Amino acid sequence: MANVAFLGLGVMGYPMAGHLQKQGHQVTVYNRTFSKAEAWAVEFGGRCCATPAQAAEGQDIVFACVGNDDDLRQVVLGEEGAVHGMAPGSIFVDHTTASCDVARELAALLAEKEIAFMDAPVSGGQAGAENGVLTIMAGGSEAVFARVKPVMAAYARCAELLGDVGAGQLTKMVNQICIAGVVQGLAEAMHFAKSAGLDGEKVVEVISKGAAQSWQMENRHKTMLKGEYDFGFAVDWMRKDLGIALNEARRNGSHLPLTAMVDQFYAEVQAMGGNRWDTSSLMARQEKCRNK
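On a predicted model such as this, the values are computed, not experimentally measured, just so you know.

A.B. asks: Would you explain the pattern of salt bridges in this entry?
C.D. replies: Pairs can form between side chains of opposite charge once their charged atoms are near each other. Going through the model one piece at a time under the given rule, you end up with nine salt bridges. The shortest N-O distance in the salt bridge between Arg73 and Glu105 comes to 3.0 Å. With Arg73 in helix H4 (residues 69–77) and Glu105 in helix H5 (residues 100–111), the pair connects residues that are 32 residues apart, well separated along the chain. For Arg73, a relative accessible area of 27% puts it in the partly exposed group. Judged by relative accessible area, Glu105 falls into the partly exposed class, the value being 28%. A salt bridge links Arg251 to Asp101; the nearest nitrogen and oxygen atoms lie 3.0 Å apart. One end of the pair, Arg251, is in helix H11 (residues 235–252); the other, Asp101, is in helix H5, with 150 residues separating them in the sequence. One salt-bridge network, in which partners are shared between bridges, spans Asp70, Arg73 and Glu105.

The structure is reproduced here in structure tokens:
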């Protein structure tokens, strides 16, 4: 068993850290809102600290799952950042969905202190975190991955090393590009079914047995048809992720017209007040367009 810290107890990090503790690892947590770290410690029996540096002190591995590049820099490099508590030979694993630039930046800075770094964004949403069945896309060395994979198994059903530092974040961008297109297609399909007077649930029961089937269809069509959008990854976070992908595409010469269009559709959802709705709320935009 390992001595680990977990920095960031949002909807993903809270259950992920819990799984580590339940699997027998010695877990110390930090969260910007300290009361949440205290609540976690009461629920799972681990320790909590007031700063990332305190949480990271003496740990074999420090995990983080925060909001964005700037949050990540602060929790690692800030005045009370994890780097000030970590020892040579330890490992920092970042589960944040962030840019590959910040991954490479932090890897280089930590290497100067003989601390290893791995970017390891996750997919599977809040339900995946709570059920311990996330997919992890990792970037880093094979030696580092071999050390952390058995620990991450506490909350992952699949973890793969995709290449050097940054490869995990690039793979997560591919993941989000795929999701954006699939959700928009499903929103249009459900909107069309309703407009045509069909029973949407019966339609999905049939077409999900064929080539149209997808995770989004299976898990989101019912709530989309009901106009309920409180079941997963928020629009604000999706726009953040798509922005990262679109910025990287401009740099590497990729052409992502569908992704750019769906990103703007999500901007319209935000304008409707749907910042915290889940990503299936593209359906709400479709319904609004019909009512114009």
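A.B. asks: Just checking my understanding: could you explain helix H12 (residues 257–271) for this structure?
C.D. replies: Each α-helix winds once per 3.6 residues, and so residues spaced three or four apart point in a common direction. Under the 1.5 Å per step criterion, the end-to-end length of H12 is 21 Å for 15 residues, consistent within 8% with the ideal 21 Å. In the segment just after H12, Gly273 is the residue with positive phi, at about 95°.

A.B. asks: Hey, could you run me through the pairing of strand S9 (residues 156–163) in this one?
C.D. replies: Across six bridges, strand S8 (residues 134–139) lies against S9 in parallel orientation. Bridge pairing links Leu134 to Ala156 in S9. With respect to chirality, the unit in which S8 leads through helix H7 (residues 142–152) into the neighbouring parallel S9 is right-handed.

A.B. asks: Any chance you could explain the packing of helix H1 (residues 13–22) against helix H2 (residues 34–44) here in plain terms?
C.D. replies: Geometry of a packed helix pair, given as the angle between the helix axes and the separation of the axes. Across the interface, H1 lies against H2 with an axial gap of 10 Å and an inter-helix angle of 35°. The two elements H1 and H2 cross, and the hand of that crossing is right-handed. Counting all contacts with H1, which are made through Tyr14, Ala17, Gly18, Gln21 and Lys22, the residues of H2 involved are Lys36, Ala39, Trp40, Glu43 and Phe44. For the contact of H1 with H2, the residue count by class is five nonpolar, two polar and three charged.

A.B. asks: Help me out: how do you make sense of the domain arrangement of the protein chain in this one?
C.D. replies: The figure often quoted for interface size is the accessible area lost as the parts come together. What the domain assignment lists for the protein chain is domain 1 (3–164) and domain 2 (170–291). Averaged C-alpha coordinates put domain 1 and domain 2 at centres separated by 29 Å. Domain 1 puts 12 residues into the contact, and the matching count from domain 2 is 11 residues. Buried surface at the junction of domain 1 and domain 2, both sides included, amounts to about 990 Å², of which 59% is carbon and sulfur. A per-residue breakdown of the area domain 1 buries against domain 2 is headed by Thr97, Cys100 and Met137, which together make up 41% of the total. Taken together, the connections running from domain 1 to domain 2 amount to one salt bridge. Where domain 1 packs against domain 2, one counts six residue pairs in polar contact (both at pLDDT 80 or more). Contributing elements (two or more residues each) for the side of domain 1 that touches domain 2: H5 and strand S7 (122–123). With three residues, H5 is the largest single contributor of residues to the side of domain 1 that touches domain 2.

Conventions used here
- Residues numbered from 1 in each chain as written.
- Predicted model: local features only at pLDDT ≥ 70, side-chain atom pairs only at ≥ 80, totals over all residues.
- Heavy atoms only, no water.
- Salt bridge = Lys/Arg side-chain N within 4 Å of Asp/Glu carboxyl O.
- Helix = DSSP H or I, 4+ residues; strand = E, 2+ residues; numbered from the N terminus.
- Buried < 20%, exposed > 50% of the residue type's maximum accessible area, 1.4 Å probe, protein only.
- Expected span 1.5 Å × (residues − 1).
- Pairing = 2+ DSSP bridges.
- Right-handed = clockwise from strand over helix to strand, strands pointing away.
- Axes fitted to C-alpha atoms, helices over the stretch in contact; angles between N-to-C directions.
- Left-handed = near helix turned anticlockwise from the far one by under 90°.
- Contact = heavy atoms within 4.5 Å.
- Nonpolar A, V, L, I, M, F, W, Y, C, P; charged D, E, K, R; others polar.
- Domains from an automatic or database assignment.
- Buried area = accessible area lost by both parts, 1.4 Å probe.
- Polar contact = N/O pair within 3.5 Å; in protein donor to acceptor, adjacent residues only side chain to side chain.

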